Structures are given as structure tokens and as C-alpha cells.
Amino acid sequence: MKYKPSKSETASQKTDTPSTSQPDKHSTKLSNSVVSSSAGISVSKWFFWVPIFFFIVLITACTPTKIGEQINKRITDPFDETKNLNVHFVTTRREMGAKDSCEGNSFGFITDINPHYGICIVNVPAKHIIGDISSDNNQDKHSFFQFKGRVNTDEKEFLSKIKTSGSEEVLVFVHGFNVNFDEAVLRAGQIKYDLKFPGEVVVYSWPAGADAGLLGQVMVKSTYDLNFTEAKINREPFANFLKEISSTGKKIQLVVHSMGHQVVLPSIASLAKSGKSKFISELILNAPDFDKNEFELLLSDLTKSSERITLYCSPGDNALIASQKVNGAPRAGMCFKYSGVDVINVNEVDDPVLGVGGLGHGYYSSRPILTDIYQVLLGVSVDKRLFIRKSGPKNGENFVLRK
């Protein structure tokens, strides 16, 4: 039998079931009140937690990283054992007979029409004395520098290798007067190793040097004049090189020595005049064989081009004293103050490096200078670096590197 609800049950159901057409006013007010209250609580929580969240993020971001951690992160290779290093080269020297070698007979002393690119593989001995680059492929590799091969590249491949390297930095080294190609490459390898530099190193080798024969060694004045002419010829090629390598987006650390400033400084100034600025991170000038007055004329463009300029000088530099006599004007590396330049007198620590012969001109590759350059590359202010003291107000330099 089919069940039929009683009249009382039907009435009860009608009473308990809310009407869809006539909502209860009390229920609606209560519902709106609950929603409004919930929204108020949510907004209150939002205003409470968001500032706390941003405060935590700010505190975390501002928590100082330990200096040791930063240095350890930067140095990917400890350079604590004998190693084969890749030294990139860009040279405007005319190529000689040996196309697979980086030794002395590979490139000459005259500017070629187009630059040459490549990599020299250099064995850097763990036992080498700082500043000494004695090489001998037939001796113990842990005591002597050795050439292990050469890979020729072109401009496109060179720039690609620099751009894709793991480090954000690249070190460019430009040598000075009377330096053969092989010596320039070995010096670049020594500097990279002793600085524990994490990025690629590039030697820009312009046609300096002289014939190894007795006549070439004796005719120093003739060699100086020839090298000086070649340095001036190489200003435009070096400016082109700087434009190329700055396009990689790497921080350029530029280390220059002696007559190499005749190549580098006017090139940098020309790029600055064309509107290019701050394309060099650290510009490090060592014993600049460059006219003091001409240097001052270029100074505003040099400061525009670089984040910082450091100049190492020595009034006891016999090579610069000789250059002053030849050129009839004081040289920038003989210690003078320049606006916007950290000028550091290294005469106290200027012990002649092996192979230089007492000229007091090759200090840039010695332990004291490399120790300071290491700190320069870390971004340490000059007055915060080790063994630096302020110089007197009447002295030519701003600072002195103590012995």
C-alpha cells in the first residue's frame, strides 16, 4: 500500500521548509553579517601578514654574506699545483713560419694587415718564483714554464669562447717595450695563475721586441724608436679589439705595462669620445711610459671609460728616466697626482724581478704588486687594502705601498 503523509506531517514540512520566493529577512541579515565579518577578518589578516612578509624578505636580503664565502665563490680554481692554462691571444704581429707554435719564432716585430687570434696552452709550474717566467720544454714541468700547443681561431670563435666562459670577468693584458710574443704569453699565464683569476685571460700582443741577435740587443735606442712607432700604429686596431670584447658583456679588467700605454690610452679615449662609457671595470696602469702632459689631456675620457683607475709608479724607475731623456718630457709613471686616479708609489717594494736586470721597471708581475692587484680586482678601496699608507701632501703620489 502506498504511504500517504498525515495532515499534521504535511503541515510540519511546510513550516520547516524555507520559501524560495520569499526569503526570510532575519536570515538574510545574518548571512550578510557573517560574510562581512569574514571579509573584515581576512582584510585584517592581510594587513597584518603582508608587512611582516616583506620585512622578513628585506632582512634576509640585507643579511651580509661572509667575505670568505664571496671569495671562495669567485675563485673556482685554487691554482695550487702545476697546471696547463689556456692563454687567449690577439696579436697584430706579422706571422712567421711556425703556425702551430707559440714560441719566439711564431710572430715577428712588424704590424700585419689583420689581427691573428688563438690560444696558447701554457704549463705553469707550481714551483715558479713569483715574477719569474723561465721556460724550458726539456726541464721539470713543475719548475719551468712550458708551451704545450697552440690552437688557431678567428675573431668570431674567439668572442664566442669569451662570451660563453663561466666567469663574469675577463682579464686583458697589454705588454710593454721590447717584449717578444712568447714572453708576453708566458707573462699573461703567470699573472692569471698567481692572481688565481677565475675568468679567461687575453694577451693583446702588439709588435714589440727586437731580433734576438747581438746587433738587435745592442741597438736599444733603435729598438725603442721602432717599438714606439709600432705602438702608435696599433691604437686603432686595439680600439677595435676593445669594442669587440666589450660586446661580450664581461667585466673587463685591463692590465697595462710600460710602452703598452701608447697603444691603450689613446684607444680608450677615442672610444670615450664616441660616447662609450664605463666599458672597463678596473683599469690598472703599471709604469706608464706615456707623456705626463698628454696623459692629463686624456684623463677626463679615461675616467669616463673606467669604473676605477689604479696607477703604480716609481720615481726610481730607470727605464722611465731613460725614456724621459729620449722623449724630452716626464713620464706618467714617475709619480704625479691625477684627479680620479689612485696613484701608488711602489718604490719601497721595487726589488728587481728576475730577468729585468735592475731597471726597476718590471715590478708589475712581482709578489707585492700582484697582492695589491688581487685586492683591486675584489673591489677593495685603496685605503682599505693591505700595506697601503697615505703619502705626504707634498709628494707626487696619493699612496705608498709599504715594504
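Refer to the structure presented above.
Attention here is on the structure that accompanies the text.

Calculation rules
- Residues numbered from 1 in each chain as written.
- Predicted model: local features only at pLDDT ≥ 70, side-chain atom pairs only at ≥ 80, totals over all residues.
- Heavy atoms only, no water.
- Helix = DSSP H or I, 4+ residues; strand = E, 2+ residues; numbered from the N terminus.
- Buried < 20%, exposed > 50% of the residue type's maximum accessible area, 1.4 Å probe, protein only.
- Contact = heavy atoms within 4.5 Å.
- Phe/Tyr/Trp six-rings, centres within 6.5 Å; stacked < 30°, edge-to-face > 60°.
- Lys NZ or Arg CZ within 6 Å of the ring centre and 35° of its normal.
- Polar contact = N/O pair within 3.5 Å; in protein donor to acceptor, adjacent residues only side chain to side chain.
- Pairing = 2+ DSSP bridges.
- Axes fitted to C-alpha atoms, helices over the stretch in contact; angles between N-to-C directions.
- 1 Å grid on protein atoms, 1.4 Å probe; cavity = no way out; pocket = protein on both sides within 12 Å on 5 of 7 lines; lining within 4 Å.
- Points joined across faces, edges and corners; volume = space filled by probe spheres on them.
- Nonpolar A, V, L, I, M, F, W, Y, C, P; charged D, E, K, R; others polar.
- Salt bridge = Lys/Arg side-chain N within 4 Å of Asp/Glu carboxyl O.
- Parallel < 35°, antiparallel > 145°, perpendicular 65-115°, else oblique.
- Left-handed = near helix turned anticlockwise from the far one by under 90°.
- Core = buried A, V, L, I, M, F, W, Y, C linked by side-chain atoms within 4.5 Å.
- Disulfide = S-S within 2.5 Å.

## As for the environment of Lys161
Part 1 of the reasoning: Structurally, Lys161 can be placed in helix α4 (residues 155–163).
Part 2 of the reasoning: Judged by its relative accessible area of 33%, Lys161 falls in the partly exposed class.
Part 3 of the reasoning: Distance in space between the C-alpha atoms of Lys161 and His88 is 9.5 Å, their sequence separation being 73 residues.
Part 4 of the reasoning: Beyond its immediate sequence surroundings of up to four residues, Lys161 is in contact with His88, Ile119 and Thr153.

## Regarding the packing of aromatic side chains
Two measures describe an aromatic ring pair: the distance that separates the ring centres and the angle between the ring planes.
Part 1 of the reasoning: One pass over the structure, following the stated rule, counts 13 aromatic pairs.
Part 2 of the reasoning: The ring of Phe336 has Lys292 lying over it, and the distance from NZ or CZ to the ring centre is 5.1 Å.

## Describing the side chain of His175
Part 1 of the reasoning: The topology assignment puts His175 in the loop between β4 (169–174) and α5 (181–195).
Part 2 of the reasoning: Accessibility expressed as a relative area gives 1% for His175, which makes it buried.
Part 3 of the reasoning: In terms of polar contacts, His175 uses its side chain to reach the side chain of Ser205, at 3.1 Å.

## Observations concerning the sheet that holds strand β7 (residues 280–286)
Part 1 of the reasoning: Reading across the sheet, the 11 strands line up as β3-β2-β1-β5-β4-β6-β7-β8-β9-β11-β10 and stay open at both edges, with mixed pairing between neighbours. Whereas interior strands pair on both sides, the edge strands pair on one side only; in this sheet they are β3 (146–153) and β10 (388–390). Sheet twist, expressed as the mean angle between neighbouring strand axes with direction ignored, is 25°.
Part 2 of the reasoning: Taken together, the 11 bridges between strand β1 (residues 83–95) and strand β2 (residues 107–124) define a ladder with antiparallel strand orientation. Residue pairing across strands places His88 opposite Ile119, the latter belonging to β2.
Part 3 of the reasoning: Packing against the sheet, helix α12 (residues 367–377) makes contact with β4, β6 (251–257), β7, β8 (306–313), β9 (342–345), β10 and β11 (399–401), and its axis sits at approximately 165° to β7.

## Structural notes on the layout of surface pockets
Part 1 of the reasoning: Of the pockets and cavities examined, the second largest pocket occupies roughly 290 Å³.
Part 2 of the reasoning: What lines the second largest pocket is a set of 16 residues, among which Gln70, Ile71, Arg74, Leu377 and Leu378 lie closest to the centre.
Part 3 of the reasoning: Per-element accounting of the lining of the second largest pocket gives the leading share, five residues, to helix α3 (residues 67–74).
Part 4 of the reasoning: Classifying every residue of the lining of the second largest pocket gives six nonpolar, five polar and five charged.

## Quick word on the pattern of salt bridges
Part 1 of the reasoning: Within the structure shown, the criterion is met by 15 salt bridges.
Part 2 of the reasoning: For Lys161, the salt bridge goes to Glu157, with nearest N and O atoms at 4.0 Å. Of the two residues, Lys161 and Glu157 are both situated in helix α4; the distance of four residues between them amounts to about one turn of the helix.
Part 3 of the reasoning: For the salt bridge of Asp383 with Lys384, the shortest nitrogen-to-oxygen distance reads 3.7 Å.
Part 4 of the reasoning: Its relative accessible area of 61% is what places Lys384 among the exposed residues.
Part 5 of the reasoning: Taken together, the shared-partner salt bridges connect Glu95, Lys99 and Arg150 into one network.

## So, the packing of helix α8 (residues 235–246) against helix α9 (residues 260–273)
Part 1 of the reasoning: Put simply, α8 and α9 touch, their axes get as near as 8 Å, and they point 60° apart. Of the possible angle classes, the one that applies to α8 and α9 is oblique. For the element pair α8 and α9, the recorded crossing hand is right-handed. Contacts between α8 and α9 involve Arg235, Phe238, Ala239, Leu242 and Lys243 from the former and Gln262, Val263, Val264, Pro266, Ser267, Ile268, Ser270 and Leu271 from the latter.

## Considerations on the nonpolar core
Soluble globular proteins tend to pack their nonpolar side chains together in the buried interior.
Part 1 of the reasoning: In terms of nonpolar packing, the biggest core is built from 47 residues, with Ile245, Leu254 and Phe295 touching the most fellow members.
Part 2 of the reasoning: Excluding residues within four positions of it along the chain, Phe295 makes contact with Leu265, Leu285, Phe290, Leu302, Leu311, Ala332 and Tyr338.

## Focus on the state of the cysteines
Part 1 of the reasoning: In this structure the tally under the stated criterion is two disulfides.
Part 2 of the reasoning: Between the sulfur atoms of Cys102 and its disulfide mate Cys120 the distance is 1.9 Å. In this structure, the disulfide formed by Cys102 and Cys120 twists by about -95° around the S-S bond and is classed as left-handed. Separated by 18 residues along the polypeptide, Cys102 in the loop between β1 and β2 and Cys120 in strand β2 bring together distant segments of the chain.
Part 3 of the reasoning: The partner cysteine of Cys313 in its disulfide is Cys335, sulfur to sulfur 2.1 Å. As the torsion about the S-S bond is roughly 95°, the Cys313-Cys335 disulfide counts as right-handed.

## Details of unusual backbone geometry
Part 1 of the reasoning: A positive phi angle is found at Ala287, which is not glycine, with a value near 50°.
Part 2 of the reasoning: In this structure, Ala287 sits in the loop between β7 and α10 (292–305).
Part 3 of the reasoning: Positioned with a positive phi, Phe387 is a non-glycine residue whose angle comes to about 65°.
Part 4 of the reasoning: Its place among the elements puts Phe387 in the loop between α12 and β10.
Part 5 of the reasoning: A relative accessible area of 45% means that Phe387 is categorised as partly exposed.

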